[in-house]
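Commentary on secondary and tertiary structure
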Amino acid sequence: MKFMKLGSRPDTFYNSDSVRSVSSEVSSDLVVQVNGTRYLLHKFPLLSKCLRLQRLCSESPESSSQHQIIQLPEFPGGTESFELCAKFCYGITITLSAYNIVAARCASEYLQMTEDVEKGNLVYKLDVFLNSCILNGWKDSIITLQSTKPFHLWSEDLGITSRCIEAIASKVLSNPSKVSLSHSYSRRGRDRDDISCNGGGESHRNNKTGGKGWWAEDLSELGIDLYWRTMIALKSGGKVPANLVGDALRVYASKWLPNVSRNPEKDVDSNPSNSKSRLLLESIISLLPMERNSVSCSFLLKLLKAANILRASSSSRMELSRRIGVQLEEATVPDLLIPSSSNDMIYDVDVILNILDQFMLQSQSPPTSPVHLKGRFERHRRSRSANNGDFELQESRRSSSASHSSKIKVAKLVDGYLQEIARDVNLPLSKFTALAEAIPDFARLDHDDLYKAIDIYLKSHPNLNKTERKRICRILDCKKLSVEVCMHAAQNELLPLRVVVQVLFFEQARAAMAGGQLTDLPSNIKALLAAQDDATSRPPGSISTNRSMVQPEDQWSVSGLKSPKSSLSTLRMKLAEDDDLDEHFQANSSKVKQLCSLPNRPKRMFSKLWSSNRSTSEKR
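Everything numeric in this text was worked out from a predicted model, so none of it was measured.

Once that is clear, we can look at the overall build of the chain. Per the secondary structure count, the chain includes 28 helices and seven strands. Looking at the 620 residues of the chain, the share that counts as buried comes to 49%. For the chain, the proportion of contacts with a sequence separation of at least 24, taken over those separated by at least 6, is 75%. Accessible area of the chain: about 30700 Å², with a carbon and sulfur share of 51%.

Okay, structure coming up:
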C-alpha cells in the first residue's frame, strides 16, 4: 500500500459538539456547513486555493456578524473529504492512500482546487500521485476501483474509473499466466471447493497463489458492474486464454451467486435480492467465452439451474442450452436434475429436451467429401495431391467417429436421467417417451438401463391403462437386453403381454443358438419377433394431485424375484387377460397356451413349438 503525506504542520481540527475549528491565534471569519457540521475557518487560506469558495463568498450577502456563512450541500465524501481539503489549504499534514484518494479527488474537484487558482494545487498533486503510484500497483488499483462506487458519477466524469480498469487490464494482459504484483495480497478463502450457484461442488483449479489464474480471485472482489467492464477490457485485449477467462467467471459465480433454493410460493420477480442475482447471472452469461470447453459442462448446467429458478431472460437460457448441447457428453446425471419452476413436476424435463435438440444439431456428422470451390480456384483444386485428399477424408471420418462416440455417451446419460425422473408421479407419459425417443437407435448399445427406467416408471404410475403400458414399452428393444434383465422382464407382471412373449422367445433363441441346437428360426417366428405395433398418438400421462414421489427399489436382482416357474404363470395370466396379439402370433397362441400348462419343462416346450413351426415352413 502506497501513502503520500502533504503539508508540514501537525495541527488538526478541534471538535466541540457539531462545531469544528482549527487551532489559530487569528479569529475565524468564515463558517462552512457540511452535512450538519459547522467549521469555523479563515477566508485567506481557503479562498486562496478554492475557486468555488471564492465565488460563493462573493455571491453571498454580507452578514452583520463577523462570520460569513457558506453552505456546501451534497459534498462528495462528506466531512472527511472536506477536512482533508481544508487541512491542505492550511498546510496541515494529510495522508493519502488507495482508500481515500478517490474521495479526495472528487472533493478537490468540487471545490475547484485547480492550477488556475494556484500552482501545485491539490487537484494536480492528486492526479500525479494516482497516475505515478496508485495505478502502478495491482492491489492499489483494485482498491481504488472499488472506492469509486460511492462516487459513481464523479469518477466517471473525472475518468478515474476508466483509468483504474485500464491499469488492471494492462497488468493481466502483460502476463496472464504468471503471478505478478499479487504475492503480498492476503487472499481469504482461496481453497474453497464449493460453488454456490444452486449447489454442487467443483474444485477451484489454478486459483491458489502461484497458479495460472492468479488474478481471478482478486478481481472477484469487485461489484458486478465494475467486474463486467474489467472482463470486457481483458477479453478485448485478446491475450488471455479462454479457459482462464472461464475459470475467472467460475470463481466470481462461486463468490457472489447465492445458493438459490426452490421456493415456488415466493414471488421471484418481486424479491429485490433475486432481481439483483438475476442481473448478476445474466452478466456472467454474457461474459462466457465463445470457445468450446472454455468452461465445464457442469458449471454451465449449474448456471442453467440458477437461471431457471431466478427466471432469467429466455435469451440467456437459450444461450446456456446451446452451449451445454455442444459438450453434453461431459455432463453427469446429477447435473441434469434441474428443478422445475412449476408446481406440477419436480424436474424440468422440457429444458433437457431442448438441450438434447441442441446436441443433435451440433453433433451432426460433416459430409464425407469436402465442398469444392469453383471458378478461379478450380485449377488449384485439381492440382492437389492425393495425400491431401486422403488427409481430408481421414479428418472427416475422425469427426464422424467422435460424433458417434458422443451420442453413445449421451444415450447412457439420458437413460440414467430417465431412471431419476421416472419416480415423479406427476411426470406425463408423453414427456418420458419423448425424452427416451430423442436418442437414435444406434446410440444405445444395450437397453438394460432403459428397461430399468421403464420398470421404475410403471411402478411409480400404477394407474396406467393397457394402451399406455404398450406405448411406453414400444421404445424397448428386447434383442438388446442382457440375460439378467431378460429373466427379470419375463417375470415382470407390469409389462404388456407382447413384451413378455418377445423376451421369452428371444431368450430361448439365444440359448438354443449358443448351444448349437438351432441355426435359424422359422419364418413365422421371425415375423413374430420383428413385427411392431402401429404408431399411436402419445396419451397424456395421469397427473396426480399428490406431489410426493414413489420410491421403488432401484437395485433389483434376479435372486430377489419369484422362482423361474413364475415366468410361465405370468405368461399364462397375461394370455388370459390380453387377446390383442398380432396376426402372426394369433396363429400360435393356442400352442403357447398349451406350453404354459407345462410349467416344469420350459426349454422342451419351446423346442416343440419351433420344431412344429419349422416343419410347417418346410412343407410350404
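Looking now at the packing of aromatic side chains. Per the stated rule, a full pass over the model turns up seven aromatic pairs. Seen from their ring centres, Phe75 and Tyr110 are 5.0 Å apart, and the 70° between their planes marks the pair as edge-to-face. Residue Phe75 is found in the loop between strand S6 (68–71) and helix H3 (78–90), and its partner Tyr110 is found in helix H4 (residues 101–110); the two are separated by 35 residues along the sequence. Residues Phe75 and Tyr110 agree in their burial class; the two are buried. Within the aromatic cluster, the residues linked to one another by ring pairs are Tyr39, Phe75, Phe82, Tyr110 and Trp154. The lysine or arginine in question, Arg52, covers the ring of Tyr110, its NZ or CZ lying 4.0 Å from the ring centre. Sitting above the plane of the Trp256 ring, Lys255 keeps its charged end 5.8 Å from the centroid.

Turning our attention to the confidence of the model for the chain. Here the chain averages 76 in pLDDT, and 64% of its residues register 70 or above. Confidence drops under pLDDT 50 across residues 579–620; counting only partners more than four residues distant or on other chains, this segment forms 66 contacts.

Counted under the stated rule, the structure contains 17 salt bridges. A salt bridge links Asp415 to Arg444; the nearest nitrogen and oxygen atoms lie 2.9 Å apart. With a gap of 29 residues between them, Asp415 in helix H18 (residues 386–421) and Arg444 in the loop between helix H19 (429–437) and helix H20 (448–460) connect regions that are remote in the sequence. For Asp415, a relative accessible area of 3% puts it in the buried group. A single network of salt bridges, built from pairs that share partners, joins Arg105, Glu109 and Asp127.

With phi around 50°, Glu74 is a residue other than glycine that occupies positive phi space. Structurally, Glu74 can be placed in the loop between S6 and H3.

As a further point, take the environment of Thr95. Mapped onto the fold, Thr95 is located in strand S7 (residues 94–96). As for Thr95 and Leu84, which are separated by eleven residues in sequence, their C-alpha atoms are 8.6 Å apart.

Another point: the environment of Thr114. Residue position: Thr114 is located in the loop between H4 and helix H5 (122–132). Residues Thr114 and Cys50 lie 64 residues apart in sequence; the distance between their C-alpha atoms is 7.9 Å. The contacts of Thr114, once residues within four sequence positions are left out, are Asn121 and Val123.

Another point: the packing of H20 against helix H21 (residues 466–473). It is the contact of H20 with H21, at a shortest axis distance of 11 Å, that shows an interaxial angle of 160°. As judged from the angle between their axes, H20 and H21 are roughly antiparallel. As for how H20 packs across H21, the hand of that crossing is right-handed. Taken together, the residues of H21 that come into contact with H20 (itself represented by Ile454, Tyr457 and Leu458) are Arg469, Ile472 and Cys473. Its residues placed into classes, the contact of H20 with H21 shows five nonpolar, no polar and one charged.

With that settled, the discussion passes to helix H6 (residues 138–146). For H6, a buried count of seven out of nine residues is recorded, marking the element as mostly surrounded by other parts of the structure. Here H6 has its buried residues at Trp138, Asp140, Ser141, Ile142, Ile143, Thr144 and Leu145. On the buried face of H6, the contacting elements are H4, H5, helix H8 (160–174), helix H9 (216–219) and helix H10 (224–237).

Counting residues in hydrophobic clusters, the biggest one holds 151 residues, and the most contacted among them are Leu72, Trp215, Leu219, Tyr227, Met231, Leu328 and Leu435. No other element matches helix H13 (residues 297–310), which puts nine residues into this core. In this structure Leu328 touches Cys297, Leu336, Ile355, Leu356, Phe359, Val410 and Leu413, once residues within four positions along its chain are discounted.

Because side chains alternate across strand S5 (residues 37–41), one face comprises the buried residues Thr37, Tyr39 and Leu41, and the other comprises Arg38 and Leu40, none of which is buried. Relative to S5, strand S3 (residues 19–22) runs parallel, the two being bridged by three bridges. Residue pairing in the sheet places Val19 in a bridge with Arg38 of S5. The pairing of strand S4 (residues 30–34) with S5 spans five bridges and is classified as antiparallel. Among the inter-strand pairings, Leu30 is bridged to a residue of S5, identified as Leu41. Joining the antiparallel neighbours S4 and S5 is a turn of two residues, in which Asn35 adopts a positive phi near 50°.

With that settled, consider the packing of H3 against H4. The N-to-C vectors of H3 and H4 enclose an angle of 70°; their axes lie 9 Å apart at closest approach. With respect to their mutual orientation, H3 and H4 come out roughly perpendicular. The crossing of H3 and H4 is right-handed. Note on element contacts: H4 touches H3 through Ala103, Ala104, Ala107 and Ser108, opposite Ser81, Leu84 and Cys85. For the contact of H3 with H4, a count of residues per class yields five nonpolar, two polar and no charged.

Mapping Ser277 onto the fold places it in helix H12 (residues 272–287). Apart from residues no more than four positions distant in its own chain, Ser277 is found in contact with Leu257, Pro258 and Leu310.

Now for the environment of Gln33. Looking at where Gln33 falls in the secondary structure, it is placed in strand S4. Taking the C-alpha atoms as reference, Gln33 lies 9.2 Å from Val19; in sequence the two are 14 residues apart. Those residues in contact with Gln33 that sit more than four places away from it in its chain are Arg38, Ile70, Gln71 and Leu72. Within polar-contact distance, the side chain of Gln33 engages the side chain of Gln71 at 2.5 Å.

Turning our eyes to something else, we now look at helix H11 (residues 242–256). When the terminal C-alpha atoms of H11 are compared, their 21 Å separation across 15 residues agrees well with the 21 Å that a helix rising 1.5 Å per residue should span. Burial analysis of H11 places twelve of its 15 residues in the buried class, the great majority of the element. Taken as a whole, H11 has its buried residues at Ala242, Leu244, Val245, Gly246, Asp247, Ala248, Leu249, Arg250, Val251, Tyr252, Ala253 and Ser254.

Thresholds, definitions, all that
- Residues numbered from 1 in each chain as written.
- Predicted model: local features only at pLDDT ≥ 70, side-chain atom pairs only at ≥ 80, totals over all residues.
- Heavy atoms only, no water.
- Helix = DSSP H or I, 4+ residues; strand = E, 2+ residues; numbered from the N terminus.
- Buried < 20%, exposed > 50% of the residue type's maximum accessible area, 1.4 Å probe, protein only.
- Contact = heavy atoms within 4.5 Å.
- Areas by Shrake-Rupley, 256 points an atom, 1.4 Å probe, with all protein chains shown as cover.
- Phe/Tyr/Trp six-rings, centres within 6.5 Å; stacked < 30°, edge-to-face > 60°.
- Lys NZ or Arg CZ within 6 Å of the ring centre and 35° of its normal.
- pLDDT = per-residue confidence, 0-100.
- Salt bridge = Lys/Arg side-chain N within 4 Å of Asp/Glu carboxyl O.
- Axes fitted to C-alpha atoms, helices over the stretch in contact; angles between N-to-C directions.
- Parallel < 35°, antiparallel > 145°, perpendicular 65-115°, else oblique.
- Left-handed = near helix turned anticlockwise from the far one by under 90°.
- Nonpolar A, V, L, I, M, F, W, Y, C, P; charged D, E, K, R; others polar.
- Core = buried A, V, L, I, M, F, W, Y, C linked by side-chain atoms within 4.5 Å.
- Pairing = 2+ DSSP bridges.
- Polar contact = N/O pair within 3.5 Å; in protein donor to acceptor, adjacent residues only side chain to side chain.
- Expected span 1.5 Å × (residues − 1).

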